[in-house]
Amino acid sequence: QVQLVESGGGLVQAGDSLRLSCAASGRTFRSYVMAWFRQAPGKEREFVGAVSWSGDSTYYADSVKGRFTISRDKFKNTMYLQMNTLKPEDTAVYYCAADSRRLAAAANEYLYWGQGTQVTISS
């Protein structure tokens, strides 16, 4: 089974940047489509963005396009989410997901999930 562990969350001010990491176990990291989701208290889980197994193709939600960038390091089996120009509405628990067959925005298309990392942006 694949294990996913997020890290890099924290408390920052509006306009600041954060870089989240998602470390994936296993020897087939490059075969997985991976994605980031987020969930604020009392809200539904929201798609943030996804990256292909090769890292050559990405897909972002409109709310983060132009501010967030997803990448992956094949040697470290790690996916990253670079978040710039953070806004208070970005506050949420951010989750790593893996093993979709395509760049999907629906949570039920992903098999493996991390436990999440808290990102809080103060005004």
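Look above for the structure.
Here's what I pulled together on the structure shown here. This one's a predicted model, so the numbers in the text were calculated from it and none came from an experiment. (Residues numbered from 1 in each chain as written. Predicted model: local features only at pLDDT ≥ 70, side-chain atom pairs only at ≥ 80, totals over all residues. Heavy atoms only, no water.)

Once that is clear, we can look at the sheet that holds strand 3 (residues 18-24). The pairing of strands in a sheet comes from backbone hydrogen bonds and takes either a parallel or an antiparallel form. Reading across the sheet, the 4 strands line up as 1-3-8-7 and stay open at both edges, with antiparallel pairing between neighbours. Looking along the sheet, the strands with just one partner apiece sit at the ends: strand 1 (4-7) and strand 7 (68-73). Strand-to-strand twist in this sheet, taken as the mean axis angle between neighbours without regard to direction, amounts to 15 degrees. In this sheet, strand 3 lies alongside strand 1 in antiparallel orientation, the contact comprising 4 bridges. Of the residues in strand 3, the one forming a bridge with S7 is S21. (Pairing = 2+ DSSP bridges. Helix = DSSP H or I, 4+ residues; strand = E, 2+ residues; numbered from the N terminus. Axes fitted to C-alpha atoms, helices over the stretch in contact; angles between N-to-C directions.)

This next bit is on the nonpolar core. Counting 36 residues, the largest nonpolar core has L4, M34, W36, L81, M83 and Y94 as its most contacted members. Secondary-structure elements contributing two or more residues to this core are strand 3, strand 4 (33-39), strand 5 (46-51), strand 7, strand 8 (78-83), strand 9 (92-100) and strand 11 (117-122). (Core = buried A, V, L, I, M, F, W, Y, C linked by side-chain atoms within 4.5 Å. Buried < 20%, exposed > 50% of the residue type's maximum accessible area, 1.4 Å probe, protein only.)

Turning our attention to the pattern of salt bridges. Scanning the model with the defined rule gives 5 salt bridges in all. With its nearest N and O atoms 2.8 Å apart, the salt bridge here joins D90 to R67. Taken together, the positions of D90 in the loop between strand 8 and strand 9 and R67 in the loop between strand 6 (58-60) and strand 7 put the pair 23 residues apart, joining distant regions of the chain. Take D90 and R67: they sit in the same class, and that class is buried. Residue E109 pairs with R102 through a salt bridge whose shortest N-O separation is 3.3 Å. A residue is classified by how much of its surface remains accessible, and E109, at 30% relative accessible area, is partly exposed. R102 sits in the exposed class, given a relative accessible area of 55%. Because the salt bridges share partners, they merge into one network encompassing R38, E46, R67 and D90. (Salt bridge = Lys/Arg side-chain N within 4 Å of Asp/Glu carboxyl O.)

Another aspect to go through is the state of the cysteines. All chains considered together, the criterion is met by 1 disulfide. Covalent S-S linkage joins C22 and C96, the inter-sulfur distance amounting to 1.9 Å. Across the disulfide from C22 to C96, rotation about the S-S bond amounts to roughly -75 degrees, and the bridge is consequently left-handed. Taken as a pair, C22 in strand 3 and C96 in strand 9 lie far apart in primary sequence, 74 residues in all. When its relative accessible area of 0% is taken as the criterion, C22 is described as buried. (Disulfide = S-S within 2.5 Å.)

Attention now moves to the pairing of strand 8. Remark: a regular strand shows side chains that alternate across the two faces of the sheet. For strand 8, a buried count of 5 out of 6 residues is recorded, marking the element as mostly surrounded by other parts of the structure. Sheet topology note: the strand 3/strand 8 ladder contains 6 bridges and is antiparallel. For L18, the partnering residue across the bridge sits in strand 8 and is M83. Sheet analysis places strand 7 next to strand 8, joined by 6 bridges and oriented antiparallel. In the strand pairing of strand 8, T69 is matched with Q82. The antiparallel pairing of strand 7 with strand 8 creates a hairpin that spans 4 residues between the two strands, and N77 there sits at a positive phi of about 50 degrees.

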